[in-house]
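Here is what each chain is made of, one letter per residue.
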Amino acid sequence: MQLEVKTILNRIQHFAGFVYREVRFGYSARGRLRIHVCLEPHRSSRGSCSACRKPAPGYDRLPQRSWLFVPLWGIKTYFFYAPRRVDCPVHGVVVEHIPWSDGKRPVTLTMMCFLSRWARRLSWRETARAFRTSWECVYRSVEWFVHWGLAHRKLEGVSSIGIDEIHWGHGKGADGFLTLIYQIDRHCRRLLWVGPRRTAATLRRGLSALGPELVKGLRFVCSDMWQPYLKVIAAKATQALHVLDRFHITMHLNQAVDQVRRNESGRLRGRAAAQRLKHMRWQLLRRTSRVRGHARRKLQDLLDSKLATARAWMLKDSFEHFWTYKSLTWAGYFLDYWCWRALRSRIEPMRKVARMLRSHEELLLNWFKAKGEISGGAVEGLNNKIRVVTRRSYGFRTYEAMEIVLYHTLGRLPEPELTHRFC
Ligand SMILES: [Zn+2]
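Keep in mind it's a predicted model, so treat the numbers as computed, not measured.

Trainee: What is the right way to look at the overall build of the chain in this model?
Mentor: Each helix and strand counted, the chain has 16 helices and 12 strands in total. Here the chain has a C-alpha radius of gyration of 29 Å; the compact-globule value for 423 residues is 22 Å, and the former is much larger. Oriented by its inertia axes, the alpha-carbon framework of the chain measures out at about 90 × 50 × 40 Å. Taking all 423 residues of the chain together, 49% fall into the buried category. A separation threshold of at least 6 residues defines the contact pool for the chain, and within that pool the share at least 24 residues apart is 59%. Roughly 22,600 Å² of accessible area belongs to the chain as shown, and the carbon and sulfur atoms make up 52% of that amount. Taken together, the 75 basic and 34 acidic charged side chains of the chain have centroids lying 5 Å from each other.

Trainee: How should I be thinking about the pairing of strand E6 (residues 84-88) in this particular structure?
Mentor: For a regular strand, side-chain orientation follows a simple rule: the groups alternate between the two sheet faces. Residues of E6 alternate between two faces, with Arg84, Val86 and Cys88 buried on one and Arg85 and Asp87 left unburied on the opposite face. In this structure, strand E3 (residues 58-61) lies alongside E6, joined through 3 bridges in antiparallel fashion. By the bridge assignment, Arg61 is partnered in E6 with Arg84. Counting the residues that bridge the hairpin from E6 to strand E7 (residues 92-95) gives 3 residues.

Trainee: Would you explain the nonpolar core in this entry?
Mentor: A general tendency of soluble globular proteins is for nonpolar side chains to be buried together. If you look at the biggest cluster of nonpolar residues, it comprises 129 residues, and the most contacted ones within it are Phe319, Phe322, Trp338 and Leu406. No other element matches helix H16 (residues 399-410), which puts 8 residues into this core. Contact partners of Phe322, with chain neighbours within four places excluded, come to Ala331, Phe334, Leu335, Leu364, Leu365 and Phe368. If you look at the next biggest cluster of nonpolar residues, it comprises 5 residues, including Ala56, Val86, Cys88 and Val94.

Trainee: Could you clarify how one ought to interpret the packing of aromatic side chains in this entry?
Mentor: The description of two aromatic rings rests on the distance between their centres and on the angle between their planes. Taken as a whole and judged by the stated rule, the model has 25 aromatic pairs. Taking the centre distance of 5.6 Å and the plane angle of 85 degrees together, the rings of Trp67 and Trp100 count as edge-to-face. Of this pair, Trp67 sits in strand E4 (residues 65-72) while Trp100 sits in the loop between E7 and helix H2 (109-121), and the two are 33 residues apart along the sequence. Seen from their ring centres, Phe322 and Trp323 are 5.0 Å apart, and the 75 degrees between their planes marks the pair as edge-to-face. Trp323 matches Phe322 in its accessibility class, with the two residues each being buried. Three or more aromatic residues joined by ring pairs make a cluster, and in this case those are Phe15, Phe18, Tyr20, Trp67, Phe69, Phe79, Tyr81 and Trp100.

Trainee: Mind showing me how you'd approach unusual backbone geometry here?
Mentor: Of all residues except glycine, most have a negative phi; of all peptide bonds, most are trans. The backbone phi angle of Arg53 is positive, close to 65 degrees, even though this residue is not glycine. Structurally, Arg53 is set in the loop between strand E2 (33-41) and E3. Owing to a relative accessible area of 55%, Arg53 belongs among the exposed residues under this scheme. With phi around 70 degrees, Arg197 is a residue other than glycine that occupies positive phi space. Locating Arg197 in the fold gives a position in the loop between strand E10 (188-196) and helix H5 (200-210).

Trainee: Mind showing me how you'd approach the coordination of the zinc ion here?
Mentor: Angles between donor atoms at a metal ideally measure 109.5 degrees for a four-coordinate tetrahedral arrangement and either 90 or 180 degrees for a six-coordinate octahedral one. Here the zinc ion is held by Cys49 (SG), Cys52 (SG), Cys88 (SG) and His91 (ND1), and the distances to it run 2.0 to 2.4 Å. Sequence positions of the residues that donate to the zinc ion give the spacing C-x2-C-x35-C-x2-H. Taken together, the residues Cys52 in the loop between E2 and E3 and His91 in the loop between E6 and E7 connect sequence positions 39 residues apart. Exposure remark for Cys52: the relative accessible area of 26% places this residue in the partly exposed category.

Trainee: Teacher, can you tell me more about the layout of surface pockets here?
Mentor: Vacant regions in the atomic arrangement are exposed by a probe of water-molecule size rolled over the atoms. By volume, the largest pocket is sized at about 1,600 Å³. What lines the largest pocket is a set of 40 residues, and nearest its centre among them are Thr250, Met251, His252, Asn254 and Gln255. For the lining of the largest pocket, the element with the highest residue contribution is helix H8 (residues 246-267), accounting for 11 residues. Space inside the second largest pocket adds up to approximately 680 Å³. Taken together, 27 residues form the lining of the second largest pocket, with His97, Ile98, Pro99, Ser101 and Asp102 sitting closest to its centre. Counting only elements with at least two residues in the lining of the second largest pocket, the list comes to H2 and helix H4 (135-152). Top element by residues in the lining of the second largest pocket is H2. It accounts for 3 residues.

Trainee: I would appreciate a short explanation of the sheet that holds E6 in the present structure.
Mentor: Backbone-to-backbone hydrogen bonds pair the strands of a sheet. The strands run either parallel or antiparallel. If you trace the 3 strands from one edge of the open sheet to the other, you get E3-E6-E7, paired in antiparallel fashion. Edge positions in the sheet fall to E3 and E7, since each has one partner strand and no second. The sheet shows a mean angle of 25 degrees between the axes of neighbouring strands, taken without regard to direction.

Trainee: I'm lost on the side chain of Arg34 in this one. Help?
Mentor: Looking at where Arg34 falls in the secondary structure, it is placed in strand E2. Put simply, Arg34 is tucked away with no salt bridge, and the nearest opposite charge, on Glu22, sits 17 Å away. The residues contacting Arg34, other than those within four sequence positions of it, are Arg24, Phe25, Gly26, Tyr27, Ser28, Ile75, Lys76 and Tyr78.

Trainee: Looking at this structure, how should I read the environment of Val94?
Mentor: Among the secondary structure elements, Val94 is positioned in strand E7. The buried category is assigned to Val94, whose relative accessible area is 19%. Measuring from C-alpha to C-alpha, the distance between Val94 and Arg84 comes to 8.7 Å, with 10 residues separating the pair along the chain. Once residues lying within four places of it in the same chain are set aside, the contact partners of Val94 are Cys49, Ser50, Arg84, Arg85 and Val86.

Trainee: Just to check I follow, could you spell out helix H11 (residues 308-319) for this structure?
Mentor: Owing to its 3.6 residues per turn, the α-helix aligns residues three or four sequence positions apart on the same side. Here H11 contains 12 residues, and its C-alpha end-to-end distance of 17 Å stays within 8% of the 16 Å for a straight helix at 1.5 Å per residue. Taken together, the buried positions of H11 are occupied by Ala308, Thr309, Ala310, Ala312, Trp313, Leu315, Lys316 and Phe319. The elements touched by buried residues of H11 are H8, helix H9 (281-285), helix H10 (293-304), helix H12 (328-344) and helix H13 (348-359).

Trainee: Before we go on, may I ask you to explain a positive patch on the surface in this structure?
Mentor: The grouping of Arg186, Arg189, Lys385 and Arg412 at the surface amounts to a positive patch. Looking at where Arg186 falls in the secondary structure, it is placed in the loop between strand E9 (177-185) and E10.

Conventions we followed
- The numbers attached to residues start from 1 for each chain and follow its sequence in the written order.
- In keeping with the model being predicted, local features are shown solely for residues with a pLDDT of at least 70 and side-chain atom pairs are shown and tallied solely at 80 or more, while totals for entire chains, interfaces and linings include all residues.
- Only hydrogens and water are removed before side-chain values are computed, so all heavy atoms of the structure are retained for them.
- Secondary structure is summarised from DSSP: a helix means a run of H or I of at least four residues, a strand means a run of E of at least two, and numbering begins at the N terminus for each.
- Here the radius of gyration uses the C-alpha set of atoms, whereas the globule reference equals 2.2 Å times the residue count to the power 0.38.
- Residue exposure (1.4 Å probe, protein chains only): buried if accessible area is under 20% of the type maximum, exposed if over 50%, otherwise partly exposed.
- Here a residue-residue contact requires only that any non-hydrogen atoms of the pair lie within 4.5 Å.
- Residue-level accessible areas treat just the shown protein chains as cover; the underlying method is Shrake-Rupley with a 1.4 Å probe.
- Charged residues are defined here as Lys and Arg on the positive side and Asp and Glu on the negative side; His and the ends of the chain fall outside this count.
- Working definition for charges: the position is that of NZ of Lys, CZ of Arg, CG of Asp or CD of Glu.
- Pairing between strands is defined by DSSP: at least two bridges between them are needed.
- The term nonpolar core refers to a set of buried residues drawn from Ala, Val, Leu, Ile, Met, Phe, Trp, Tyr and Cys, joined through side-chain atoms within 4.5 Å.
- Classification of ring pairs rests on two measures: the distance between centres of Phe, Tyr or Trp rings, Trp counted by its six-membered ring, which must be within 6.5 Å, and the angle between planes, read as stacked under 30 degrees, edge-to-face over 60 and tilted in between.
- Shown as donors are all N, O and S atoms within 2.8 Å of a metal ion, widened to 3.2 Å for Na, K and Ca; because water is not in the atom set, sites may appear incomplete.
- For cavity detection a 1 Å grid was placed over the protein atoms alone, and a set of points counts as a cavity when a 1.4 Å probe fits there but cannot get out; an open set counts as a pocket when protein lies on both sides within 12 Å along at least five of seven lines, with lining residues being those that have an atom within 4 Å of a point.
- Grid points are joined across faces, edges and corners, and a volume is the space filled by probe spheres set on the points.
- To define axes, lines are fitted to C-alpha atoms, for helices over the stretch in contact only, and angles between the resulting N-to-C directions are given on a 0 to 180 degree scale.
- Here, a salt bridge means any Lys or Arg side-chain nitrogen found within 4 Å of an Asp or Glu carboxyl oxygen.
- One fewer than the residue count of a helix, multiplied by 1.5 Å, yields its expected span.
- Each patch groups residues whose relative accessible area exceeds 30% and which form no salt bridge, using 9 Å between like charges and 5 Å between nonpolar side chains of Val, Leu, Ile, Met, Phe, Trp and Tyr.

So this is what it looks like as structure tokens:
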């Protein structure tokens, strides 16, 4: 049998009630080569109503429309079809249901799925370039894909969530942040919701978007010590155990050490001791076990000094021990002792952290009650992924595009089932 493009199309993507009439070359207005795929209704089939999908008597035919399809051999390919209108007894005269199309969108569903899948592996700009289309077309496709996924996702079985905020945009106030809600159960980690700003109202909106059923079923909520969040969680998810997660606490400790280093190197400018603090930022923020070789010797050199930075670093490093306790009581003793030491250290940024930890002692110790139930690195892992995404998508000026890209890459959304996977 001679293999024709029509044969291939019929094999991979047959639409019941429609036939591929012909496939031919065409040209764009600028004279570029195109492939045109012309479709016709099957002789014996009636059109179905686009509202109820039931077959209905024909009414008339609209002018021919075109839809962008997946490029074949790198040549832009279009579907051509003149939609029928049907006279549905319930919905009146309406356009028929067209299985490759969604409303007025000029792109086939197949192409939207195709572009969306590639947009996870490449940036949107690269996707557009590779498949000879525009950034806007990729954006609209991913947007459709994400909305489909959000409408079809299942939110059952969510028992732990993590609440996080990331800096996005230019503002330093609440406006410069996004609030994110993750599912952090062992069996499933994904982004559930994202919203602009990081206020109590944002989080309240997020929780109500997820629905009261989900909120009522929560057993654990992880968050930072950010006051507006704490308030909302205490009010909304009363049955859930609220845990301050390790990732955020470590972040606060690191920020304090960095603050001490900056203050001290400012104070010591020009003196020999300042040399010890030079280029030490990353070594000080990393976990000790991850600093090796020359950097390790430099770090050791710094630690042997009597500098405030060294003492701050040792305080930070000793706090790691807190997470290893099995007993709640002993963890409590350790926390008291650590805070006492930090408060006596006369290093203001460390004292500030100690005061903060002390005032949230109960929530901190909840970590040990939830141990083994929530995965410890989940919030950190998702937070890192988000950083990668926001960095890659430097071009996204609008919040809407940012929201779409976050759901697309981290939402683990279900995908429309097509008969053939092009990629
Ligand atoms: Zn109908």
